[in-house]
Amino acid sequence: MESNNKLKLYNTLSRKIEDFNPIKKGKVGMYVCGPTTYDKSHIGHARTYIFFDFFRRFLEFKGNKVKLIINLTDVDDKIIKAASKYDSWQVVSDRYSRYFFWMLDTLKIKPPYSFPQVTSHMQEIIELVQTLIDKEFAYELKDGIYFSIDKLENYGKLSKVNLGDPTIARIEKTPGKKNPADFALWKFKKVDEPYWYAPFGEGRPGWHIECSAMSSKYLGTNFDIHGGGADLIFPHHENEIAQSEAAFGIKKWVNYWVHVAFLTIAKEKMSKSLKNFVGIDQLLDTFSPEILRYYLLSAHYQTQLDFTWDKMKKAREQWTRVVRAWYDVVQRTEREIYGQEDVSNEIETEFNRMIESLNNDLKTPEAYKHIHFLASLVLSNDINKKSVDVAHEALSKISEIFGILPEKSWTGKELRLAEELAELREDLRKGERFDLSDSIRTRLKDEGIKIEDTKEGPRVKFV
Ligand code: AMP
Ligand code: ZN
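It should be emphasised that the depicted structure is a prediction, and the values quoted were computed from it without experimental measurement. (Residues numbered from 1 in each chain as written. Chains lettered and ligands numbered in written order. Predicted model: local features only at pLDDT ≥ 70, side-chain atom pairs only at ≥ 80, totals over all residues. Heavy atoms only, no water.)

A.B. asks: Could you give me a rundown of the side chain of T264, with the residues and numbers involved?
C.D. replies: Tracing the backbone shows T264 in strand β11 (residues 263-265). What makes T264 buried here is its relative accessible area of 2%. A polar atom in the side chain of T264 sits 2.6 Å from the side chain of D306. Apart from residues no more than four positions distant in its own chain, T264 is found in contact with K269, M270, Q304, L305, D306 and F307. (Helix = DSSP H or I, 4+ residues; strand = E, 2+ residues; numbered from the N terminus. Buried < 20%, exposed > 50% of the residue type's maximum accessible area, 1.4 Å probe, protein only. Polar contact = N/O pair within 3.5 Å; in protein donor to acceptor, adjacent residues only side chain to side chain. Contact = heavy atoms within 4.5 Å.)

If you want it as structure tokens, here you go:
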């Protein structure tokens, strides 16, 4: 079960689906913009980071080594604003960085190679601003150093933004700018704000420069994949391209740009500023991390996904069917319970079709269809050893790629204990000790074990 076919990937830069060819065969450099650490991450953030985790896992499944970098913006206007007389900006930033790490860990997002922080990469940032000044791409105003977009031939190539449109968002309105879309590389020191020494004036970095400085430090000045949520295309990623290509003197800084559509709620982007978000901890009160992953990966990454609690419940029902197939296969393997049906070829075909759906620009909704066909083959047949082995391997790989199956698999000892408890419950029932028999049934159910009464006696099922 290997996938030799090429991955085809939509590139925001070309607006086309392209063959994915890493610069060095078998090695992929990937940079994903991280959070600004001034508040707790919510399930909208989770969509973006779970997607890139799944993408990384799929690339690894295809035999690549992936060097993933996720930065942390740990000094910024929003963080400084969130500080108070009780909390310094460093404490605010530290608290929410920890929360972000907790989220990654809890949601089974594999750790990246590095989490570079702005405050520990000041030297690299200052050197990059200095290069842009030396190459005359930057100029000074009263409040900072600005990048001059008119010095570049092709500013706007990623977002295809119409700079004449007065409604375009996130353009800093600063008097004296040569072009309204010029942006701050460095902000001069203000009263009561943190600042760093730099030869061109004390201050702190603008919003975009950190990602150019940190990605080139870890991945070089030309790397494979750069990603983030769709809101970062303009101005953040556009400006990252402008300053990187200017500073490094190259025509193509990043080969593939990948953007994840929003998780919305009532059709509006879920965001901290709109206060319409569902927190990670709030969601985990009712659903497991695996169900959240299953739900967030159920839509294609370029399609907006509108969150409702009902959709979460539906996702849980569908997810449970895949997990049941997994436990069935584990149980059969552990206890050597094999039937007669040989559906090994059909299982393998569904698995291969699933991989082909992913090779086709990571079409997860199609991949899910094949996962469900595969689960049905397991659940609706009394399958033989060959089929069990093939299904075990296929479902393990599915879990490796999507991270959706519970890590815990039942051991033979646990299975036997559950069966003995089910038999004890049967005896209690026959003796009309219903209080005790019901309590055993409930306790087992809490652990995800269901007792089914069959003609042959009780059978334990893992749900
Ligand atoms: P922020 O801390 O707001 O800069 O966000 C960190 C990352 O999460 C960025 O890549 C955002 O695009 C992404 N993000 C924020 N909100 C959402 C959302 N509702 N849906 C998908 N991605 C989001
Ligand atoms: Zn960035």
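A.B. asks: Describe helix α4 (residues 122-134), listing the residues and the values that go with them.
C.D. replies: Each α-helix winds once per 3.6 residues, and so residues spaced three or four apart point in a common direction. Between its first and last C-alpha atoms α4 spans 18 Å; for 13 residues at 1.5 Å apiece the expected length is 18 Å, and the two agree. Along α4, the positions that sit buried rather than exposed are M122, I125, I126, L128, V129 and L132. Taken end-on, α4 shows its buried residues confined to a sector of 160°, consistent with a single buried face. Buried-residue contacts for α4 involve β5 (138-141), β6 (144-147), β7 (183-188), β8 (203-205), α5 (209-219) and α6 (233-248). Of the residues one or two after α4, E136 is the one with positive phi, at around 60°. (Expected span 1.5 Å × (residues − 1). Arc of directions from axis to C-beta.)

A.B. asks: So what's going on with the site of ligand 1? Which residues, and what values?
C.D. replies: Around ligand 1 sit 17 residues in total, of which T48, G229, D231, L263 and M270 are the nearest. G229 places a main-chain nitrogen or oxygen 2.9 Å from an oxygen atom of ligand 1. In the environment of ligand 1, an oxygen atom lies 2.4 Å from a nitrogen or oxygen atom belonging to the side chain of D231. Across the complex, the protein chains shield 92% of the 490 Å² of accessible surface that ligand 1 would expose by itself. Contributions of two or more residues to the shell around ligand 1 are made by α1 (43-61) and β9 (223-229). When residues of the shell around ligand 1 are assigned to their parent elements, the largest contribution, 4 residues, is made by α1. A breakdown of the residues in the shell around ligand 1 according to their chemical character gives 7 nonpolar, 7 polar and 3 charged. (Near = heavy atom within 4 Å. Areas by Shrake-Rupley, 256 points an atom, 1.4 Å probe, with all protein chains shown as cover. Nonpolar A, V, L, I, M, F, W, Y, C, P; charged D, E, K, R; others polar.)

A.B. asks: I'd like a description of the pattern of salt bridges, backed by residues and values.
C.D. replies: Side-chain pairs of opposite charge can arise whenever the charged atoms involved come near each other. Applying the stated criterion to the full structure yields 24 salt bridges. Between K269 and D231 there is a salt bridge, with the nearest N and O atoms lying 3.0 Å from each other. Of the two residues, K269 is situated in strand β12 (residues 268-269) and D231 in the loop between β9 and α6; the sequence distance between them amounts to 38 residues. (Salt bridge = Lys/Arg side-chain N within 4 Å of Asp/Glu carboxyl O.)

A.B. asks: Tell me about the nonpolar core, and please be specific about residues and values.
C.D. replies: In terms of nonpolar packing, the biggest core is built from 83 residues, with F55 and F402 touching the most fellow members. For this core, the leading source of residues is α1, giving 11 residues. Each of domain 1 (8-280) and domain 2 (309-402) gives at least three residues to this core. Sequence-distant contacts of F402, defined by excluding residues within four places in its chain, comprise F54, R293, L297, M354, L358, T364, A367, Y368 and I371. With 52 residues, the next largest nonpolar core counts I125, L132, M214 and V254 among its residues. (Core = buried A, V, L, I, M, F, W, Y, C linked by side-chain atoms within 4.5 Å. Domains from an automatic or database assignment.)

A.B. asks: Lay out the coordination of the zinc ion (ligand 2) in plain terms, naming residues and giving numbers.
C.D. replies: Coordination of the zinc ion (ligand 2) by the protein comes from C33 (SG), C211 (SG), H236 (NE2) and E240 (OE), over a distance range of 2.0 to 2.3 Å. The coordination sphere of the zinc ion (ligand 2) comprises 4 donor atoms, whose angles at the metal cover 73 to 127°; the geometry is irregular. On the primary sequence, the residues serving as donors to the zinc ion (ligand 2) are separated as C-x177-C-x24-H-x3-E. Highlighted residues: C33 in the loop between β3 (27-32) and α1 and E240 in helix α6, separated in sequence by 207 residues. The class for C33 is buried, based on a relative accessible area of 5%. Classification of E240 by relative accessible area gives buried; the value is 0%. (Donors = N, O, S within 2.8 Å, 3.2 Å for Na, K, Ca; no water. Tetrahedral: all angles 85-135°; square planar, octahedral: opposite > 155°, others 65-115°.)

A.B. asks: I'd like a rundown of the packing of aromatic side chains, residues and numbers included.
C.D. replies: Pairs of aromatic rings are described using the distance from one ring centre to the other and the angle between the two planes. In the structure shown here, the tally under the stated rule is 24 aromatic pairs. Put simply, the rings of F51, F52, F54, F55, Y294, Y301, Y368 and F402 pair up and form one aromatic cluster. A cation over a ring is seen here: K67 above Y113, with NZ or CZ 4.5 Å from the ring centre. (Phe/Tyr/Trp six-rings, centres within 6.5 Å; stacked < 30°, edge-to-face > 60°. Lys NZ or Arg CZ within 6 Å of the ring centre and 35° of its normal.)

A.B. asks: Residues and numbers for the environment of D281, please.
C.D. replies: Take D281: it is sitting in helix α7 (residues 280-284). With a relative accessible area of 31%, D281 lands in the partly exposed category. Sequence separation between D281 and S41 is 240 residues; the distance between their C-alpha atoms is 9.7 Å. Not counting residues up to four positions away in its chain, the partners in contact with D281 are K40, Y99 and W102.

A.B. asks: Help me get a handle on the domain arrangement of the protein, residues and values and all.
C.D. replies: Per the domain assignment, the segments making up the protein are domain 1 (8-280), domain 2 (309-402) and domain 3 (412-462). Put simply, the middle of domain 1 and the middle of domain 2, counted by C-alpha atoms, are 38 Å apart. Taken over both partners, the interface formed by domain 1 and domain 2 buries close to 1,200 Å², and the fraction arising from carbon and sulfur atoms is 70%. Considering only the side of domain 1, the residues that lose the most area to domain 2 are F54, F58 and F61, jointly responsible for 50% of the buried surface there. Between the two partners, domain 1 and domain 2, sit 5 residue pairs in polar contact (both at pLDDT 80 or more). Listed by contribution, the elements that provide at least two residues to the side of domain 1 that touches domain 2 are β1 (8-11) and α1. In terms of residue count, the dominant contributor to the side of domain 1 that touches domain 2 is α1 (6 residues). Classifying every residue of the side of domain 1 that touches domain 2 by side-chain character gives 9 nonpolar, no polar and 3 charged. (Buried area = accessible area lost by both parts, 1.4 Å probe.)

A.B. asks: Could you give an account of the side chain of E290, naming the residues involved and the relevant values?
C.D. replies: Along the chain, E290 turns up in helix α8 (residues 289-296). Excluding residues that lie within four positions of it along the chain, E290 makes contacts with K108, W319, G403, I404, L405, P406 and E407.

A.B. asks: Now, about the packing of α1 against helix α12 (residues 385-402): what can you tell me, with residues and values included?
C.D. replies: Contact geometry for α1 and α12: axes closest at 7 Å, N-to-C directions at 135°. As the angle between them shows, α1 and α12 are arranged oblique. Mapping the contact onto sequence places F54, R57, F58 and F61 in α1 and K397, S399, E400, I401 and F402 in α12. Across the contact of α1 with α12, the residue classes tally to 5 nonpolar, 1 polar and 3 charged. (Axes fitted to C-alpha atoms, helices over the stretch in contact; angles between N-to-C directions. Parallel < 35°, antiparallel > 145°, perpendicular 65-115°, else oblique.)

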